[in-house]
Amino acid sequence: MKRVAKAAKFGSIIPISGSDFVHEVSEASSDVWVVVVLYKDGYPECGVLMQCLKELATVYPATKFVQIVSTDCIPNYPDCNLPTVFVYNNGAVKASYVGLHKFGRRCTPEGVAMVLCQSDPVLNDGQSGGEDSTEVVLEGVMKRFIEKVVTLHENDDNDGSASD
């Protein structure tokens, strides 16, 4: 139980500045995956991805999510590359995703989760008890997705029967 409480310590997207980057990302604990979102206000694609990541941050509180204005992180970073996601672990970049199209035609929290976990067990709900292989994490992501779809369909069925 202590491990679970220790692991589940984030739960939201943390805004950072360029001066915070090394401490918050590069020097993060080796057992923490960090998802970094480069964005700018006023870009609809950034807003769509941010909504998905906000939901994922609440579902996976042991994964650290941070957001930083692109040019605060990388001077002169091209706006055409927004949004960009970097995945860090042990102070190193493990994956990068440039543009919203990397997350599928319809950007959903479940689609983003699947992409983030394709090569590494990035998402952690803090309840896996040390089981953090890519396969176990992907299985959890798919289970959550199926549960969400079933719940949505049950709600649709209930709404439909009430109007009959």
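Since the structure is predicted, the reported quantities are computational estimates derived from the model, not experimental observations.

Turning next to the pattern of salt bridges. This model, assessed by the stated rule, comprises 2 salt bridges. Across the pair Glu-24 and Lys-64 runs a salt bridge, and its minimum N-O distance is 2.6 Å. Residue Glu-24 is located in helix 2 (residues 21-26), and its partner Lys-64 is located in strand 3 (residues 64-69); the two are separated by 40 residues in the primary sequence. Both residues of the pair, Glu-24 and Lys-64, belong to the buried class. For the salt bridge of Asp-79 with Lys-40, the shortest nitrogen-to-oxygen distance reads 2.8 Å. Here the residue Asp-79 occupies a position in the loop between helix 4 (70-73) and strand 4 (84-89), and Lys-40 occupies one in the loop between strand 2 (34-39) and helix 3 (44-59), the gap between them amounting to 39 residues.

Further remarks concern the packing of aromatic side chains. Scanning the model with the defined rule gives 2 aromatic pairs in all. Ring geometry for Phe-21 and Tyr-88: centres 5.7 Å apart, planes at 75°, overall edge-to-face. Note that Phe-21 is positioned in helix 2 and Tyr-88 in strand 4, a separation of 67 residues in sequence. What makes Phe-21 buried here is its relative accessible area of 13%. With a relative accessible area of 12%, Tyr-88 lands in the buried category. A ring pair is formed by Tyr-97 and Phe-103, whose centres lie 5.6 Å apart and whose planes are at 50°; its orientation type is tilted.

Before going further, it helps to spend a moment on the nonpolar core. Counting residues in hydrophobic clusters, the biggest one holds 42 residues, and the most contacted among them are Val-36, Leu-49, Leu-53, Val-112 and Leu-116. In terms of residue count, the dominant contributor to this core is helix 3 (7 residues). Discounting residues that sit within four places of it in the chain, Leu-49 has contacts with Val-37, Pro-83, Val-85, Leu-100, Phe-103, Cys-107 and Val-112.

Each neighbour pair has its own omega, and for Leu-82 with Pro-83 the value is -10°, a cis peptide bond. If you trace the backbone, Pro-83 turns up in the loop between helix 4 and strand 4. In this structure, Asn-76 takes a positive phi of about 65° despite not being glycine. Structurally, the position occupied by Asn-76 is in the loop between helix 4 and strand 4. Taking the relative accessible area as the measure of exposure, Asn-76 reaches 75% and is therefore exposed. At Asn-90, a residue that is not glycine, the phi angle is positive and equals roughly 60°. Among the structural elements, Asn-90 can be located in the loop between strand 4 and strand 5 (92-98). Asn-90 sits in the exposed class, given a relative accessible area of 54%.

Glancing now at the side chain of Ser-70. Relative to the elements of secondary structure, Ser-70 occurs in helix 4. Those residues in contact with Ser-70 that sit more than four places away from it in its chain are Leu-38, Tyr-39, Lys-40, Tyr-77 and Leu-82.

A word on helix 3. In a regular helix each residue adds 1.5 Å, so 16 residues correspond to 22 Å; helix 3 covers 23 Å between its end C-alpha atoms and thus fits that length. Along helix 3, the positions that sit buried rather than exposed are Cys-46, Leu-49, Met-50, Cys-52, Leu-53, Leu-56 and Ala-57. Seen end-on, helix 3 carries its buried residues on one side only, within an arc spanning 170°. Exposed side chains of helix 3 directed beyond 90 degrees from the buried face belong to Pro-44, Gln-51 and Thr-58. Of the surrounding secondary structure, the elements contacted by the buried residues of helix 3 are strand 1 (13-15), strand 2, strand 3, strand 4 and helix 5 (109-116).

The rules behind these values
For every chain, the first residue of the written sequence is number 1, and numbering continues from 1 onward in sequence order. Note on the predicted model: pLDDT of at least 70 is required for a residue's local features to be given, and 80 or more for side-chain atom pairs to be given and counted; whole-chain, interface and lining totals, by contrast, use all residues. Note: side-chain values were computed over all heavy atoms of the structure, leaving out hydrogens and water. Just to be clear on terms, a salt bridge is a Lys or Arg side-chain nitrogen sitting within 4 Å of an Asp or Glu carboxyl oxygen. Runs of H or I in DSSP of at least four residues are treated as helices and runs of E of at least two as strands, each being numbered from the N terminus. Relative accessibility thresholds used throughout: buried, under 20% of the residue-type maximum; exposed, over 50%; partly exposed, between the two (1.4 Å probe, protein chains only). Working definition: rings of Phe, Tyr and Trp (its six-membered ring) pair if their centres are within 6.5 Å, and the pair is stacked with planes under 30 degrees apart, edge-to-face with planes over 60 apart, and tilted otherwise. Throughout, nonpolar core names a set of buried Ala, Val, Leu, Ile, Met, Phe, Trp, Tyr and Cys residues whose side chains join them through atoms within 4.5 Å. Throughout, a contact is declared for two residues whenever any of their heavy atoms are within 4.5 Å. The span you would expect from a helix comes to 1.5 Å times its residue count less one. The arc in question is traced by the directions running from the helix axis to the C-beta atoms.

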